[in-house]
Amino acid sequence: MLGVLGGGQLGRMFVHAAQVHGYRVAVLEPDVASPAGAAADLHLRAAYADLAALDDLAGRCAAVTTEFENVPAGALRRLASRTTVSPPADAVEACQHRLREKRCFAGAGVPCAPHAAVDSAGDAAAAAMAALLPGLLKTSSLGYDGKGQVAVATLADLPAAWAALGGVSCILEKRLALRHEISVIVARGHDGQVVHLPVQQNLHRQGVLAVTQVPAPDVDAATCERAVAMAVRLAAALRYVGVLCVEMFVLDDGSLVANEMAPRPHNSGHYSIDACDLSQFDLQLRTLAGLPLVAPRLHSAAVMLNLLGDLWFAADDAAPRSPDWATVLRLPGAHLHLYGKTEARRGRKMGHLTITAAAADAARATALQAARALGLPAF
Ligand code: ADP
Ligand code: MG
């Protein structure tokens with residue numbers, strides 16, 4: 001039996017991959033309505049910091065991982081005193097705080113956006129912050145899908161922006177001119193061996209991932225190679241074991257900047273289930289269980305469309321209804337994944353649709369048809 005902390009869709013897809021190999025999986029997740037818990041062999045309903053529940057999980061499992069970067073690092077340390085845990089608690093902890101994360105980037109020689117900590121009213125009024133404007137003020141922890149961020153145009157706006165984020169520990173980042181957004185997913189084994197998925201090109205809408213295309217249509221091979229090298233360097237510097245995703249920006253001059261990292265499989269890697277011979281969840285399983293790592297091969301071009309809860313609402317005041325899956329499923333190479341969430345809400349990740357094809361042009365053309373059928377914008 002293998003264990004997972006966290007009960008969302010990432011855990012659910014891990015459960016599926018592990019069960020294919022004959023493993024049983026236990027999920028620790030407080031919420032009764034849990035996409036991973038529903039698929040798991042065992043759902044332990046307890047808080048992540050519940051020591052008795054952690055010890056119970058450790059006692060049952062040969063190895064435990066996490067699908068959620070905000071699990072308390074102390075929970076991972078407790079588990080690690082009793083069973084195998086990956087990724088390591090230190091690496092997960094680094095991903096929980098934007099300033100620590102940027103220090104890791106610097107330590108691994110990986111460039112990131114110019115930034116400064118804004119932890120007090122004094123910081124928010126400091127003249128030196130002008131060099132980072134226009135910029136983005138982000139909470140140091142617990143931000144996701146563009147939440148916990150505000151754009152700041154001038155120094156005069158900074159104190160109010162900081163107050164609007166609750167006056168918590170923040171980081172001000174210079175707003176960079178992005179040519180493209182990409183991500184790199186690597187898997188590193190206990191022995192230090194590293195494999196990676198092909199580079200993903202990502203489109204965000206309102207701070208939320210909307211479309212992933214592989215192969216990256218607008219990024220040349222040399223840039224992709226540099227991106228992979230950066231992610232590999234980072235994983236080695238963290239003595240990482242498991243699947244690590246590094247989000248990066250391609251700037252106008254072609255240079256690469258790391259944005260943030262996730263100590264787990266990533267939304268931008270979901271296409272790998274249908275387009276690669278080993279998915280990011282297979283890689284997570286192999287690193288966790290100490291199974292051999294083999295370089296994944298992309299056997300089809302792929303476009304992934306995220307399916308947010310908005311698709312369930314035809315009009316603002318309408319009751320939720322299922323989107324027109326039949327039309328979408330008539331398209332060649334359509335792979336529909338729904339996470340079994342009981343309630344559709346705007347902005348909530350309900351599922352994703354991957355379109356695969358022999359060539360990138362065909363995958364894109366079909367994905368555009370799917371987007372039109374679902375009422376999603378073109379890309
Ligand atoms: P989250 O944790 O919400 O994903 P990110 O830091 O990845 O937070 O920011 C979300 C999106 O905002 C990014 O994918 C990118 O589109 C945009 N963004 C973030 N930081 C910058 C920046 N320094 N310059 C320009 N755009 C940025
Ligand atoms: Mg992000």
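*Asks:* Would you mind going over the coordination of the magnesium ion (ligand 2) with me for this structure?
*Replies:* For a metal bound by four donors in tetrahedral geometry, the ideal donor-metal-donor angle is 109.5 degrees, whereas six donors in octahedral geometry ideally sit at 90 or 180 degrees. Donor atoms from the polypeptide that coordinate the magnesium ion (ligand 2) comprise Glu247 (OE), Glu247 (OE) and Glu260 (OE), at 2.0 to 2.8 Å from the metal. Highlighted residues: Glu247 in strand β14 (residues 242–251) and Glu260 in strand β15 (residues 256–262), separated in sequence by 13 residues. Taking the relative accessible area as the measure of exposure, Glu247 reaches 13% and is therefore buried.

*Asks:* Mind showing me how you'd approach the domain arrangement of the protein here?
*Replies:* Size of an interface, as often reported, equals the accessible area lost when the parts are brought together. Each assigned domain of the protein is listed here: domain 1 (2–85), domain 2 (114–174) and domain 3 (178–374). Using C-alpha coordinates to define each centre, domain 1 is positioned 23 Å away from domain 3. In this complex, domain 1 contributes 21 residues to the contact, which on the side of domain 3 involves 20 residues. Taking both partners together, domain 1 and domain 3 bury about 1700 Å²; carbon and sulfur atoms supply 70% of that area.

*Asks:* What is the right way to look at the sheet that holds strand β5 (residues 84–85) in this model?
*Replies:* Working definition: the strands of a sheet are paired by backbone hydrogen bonds and lie parallel or antiparallel to each other. Ordered by their spatial adjacency, five strands build an open sheet running β3-β2-β1-β4-β5, and the pairing between neighbours is parallel. The two strands at the open ends of the sheet, each matched to only one other strand, are β3 (42–44) and β5. Relative to β3, strand β2 (residues 25–28) runs parallel, the two being bridged by three bridges. In the sheet register, Ala26 faces β3, and the bridge partner there is Leu42.

*Asks:* What's the story with helix α4 (residues 73–80) in this structure? I'm lost.
*Replies:* Every buried residue belonging to α4 is among Ala73, Ala75, Leu76 and Leu79, and all of these are buried. For α4, the angular spread of buried residues about the axis comes to 160°, placing them on one side. Buried residues belonging to α4 abut β1 (2–5), α3 (51–60), β4 (63–66), β5 and α5 (89–95).

*Asks:* Honestly, the site of ligand 1 in this entry has me stumped. Any pointers?
*Replies:* What surrounds ligand 1 is a group of 19 residues, the closest being Lys138, Gly146, Glu181, Asn259 and Glu260. Here an oxygen atom of ligand 1 and a side-chain polar atom of Arg98 are 3.1 Å apart. Between ligand 1 and the protein, one listed contact pairs an oxygen atom with a backbone N or O atom of Asp145 at 3.0 Å. Burial of ligand 1 by the protein chains amounts to 91% of its free accessible area of 550 Å². Contributions of two or more residues to the shell around ligand 1 are made by β7 (135–139), β9 (170–174), β10 (178–188), β14 and β15. Here the shell around ligand 1 is built from residues that sort into five nonpolar, five polar and nine charged.

*Asks:* Mind showing me how you'd approach the nonpolar core here?
*Replies:* The nonpolar side chains of a soluble globular protein tend to be buried, and buried together. Ile182, Val184, Leu238, Leu244, Val246, Met248 and Met261 are the most contacted members of the largest nonpolar core, which totals 29 residues. Those elements that place two or more of their residues in this core are α5, α6 (98–107), β10, α9 (221–237), β14 and β15. For this core, the element with the most residues is α9, which contributes seven residues. Once residues lying within four places of it in the same chain are set aside, the contact partners of Leu238 are Pro88, Ala91, Cys104, Leu244 and Met261. Val211, Val303, Phe313 and Ala370 belong to the second-largest nonpolar core, a separate cluster that totals 24 residues.

The rules we used
- All residue numbers refer to position in the chain's written sequence, counted from 1.
- The naming scheme follows written order: chains are lettered A onward, ligands numbered 1 onward.
- The model is predicted, so local features are restricted to residues of pLDDT at least 70 and side-chain atom pairs to those at 80 or more, both for listing and for counting; the totals for chains, interfaces and linings are taken over all residues.
- Calculation of side-chain values draws on the structure's entire complement of heavy atoms; hydrogens and water are dropped beforehand.
- A donor here means an N, O or S atom no more than 2.8 Å from the metal, or no more than 3.2 Å when the metal is Na, K or Ca. Since water is not included, a site may seem to lack partners.
- Only DSSP runs of H or I covering at least 4 residues are called helices, and only runs of E covering at least 2 are called strands; the numbering of each starts at the N terminus.
- Exposure is judged per residue with a 1.4 Å probe applied to protein chains only, and the accessible area is read against the type maximum: over 50% gives exposed, under 20% gives buried, and values in between give partly exposed.
- Domain segmentation is taken from an automatic or database assignment of domains.
- The contact criterion used is simple: two residues touch if any of their non-hydrogen atoms lie within 4.5 Å.
- By convention, the term buried area covers the 1.4 Å-probe accessible surface removed from two parts as they join, with the contributions of both added.
- Strand pairing is assigned whenever DSSP identifies at least 2 bridges connecting the two strands.
- In this description, the arc belongs to the directions extending from the helix axis to the C-beta atoms.
- We call a residue near a molecule or strand whenever a single non-hydrogen atom of that residue lies within 4 Å of it.
- As used in this structure description, the phrase polar contact means that two N or O atoms lie within 3.5 Å; if the pair is within protein, one of them must be able to donate a hydrogen and the other to accept it, and residues adjacent in sequence are counted only when both atoms belong to side chains.
- Surface accessibility in these figures is a Shrake-Rupley result with a 1.4 Å probe; residues are shielded only by whichever protein chains are displayed.
- Side-chain classes follow a simple rule in which Ala, Val, Leu, Ile, Met, Phe, Trp, Tyr, Cys and Pro form the nonpolar group, Asp, Glu, Lys and Arg form the charged group, and the remainder, Gly included, forms the polar group.
- Only buried residues count toward a nonpolar core. Its members are Ala, Val, Leu, Ile, Met, Phe, Trp, Tyr and Cys residues joined through side-chain atoms within 4.5 Å.

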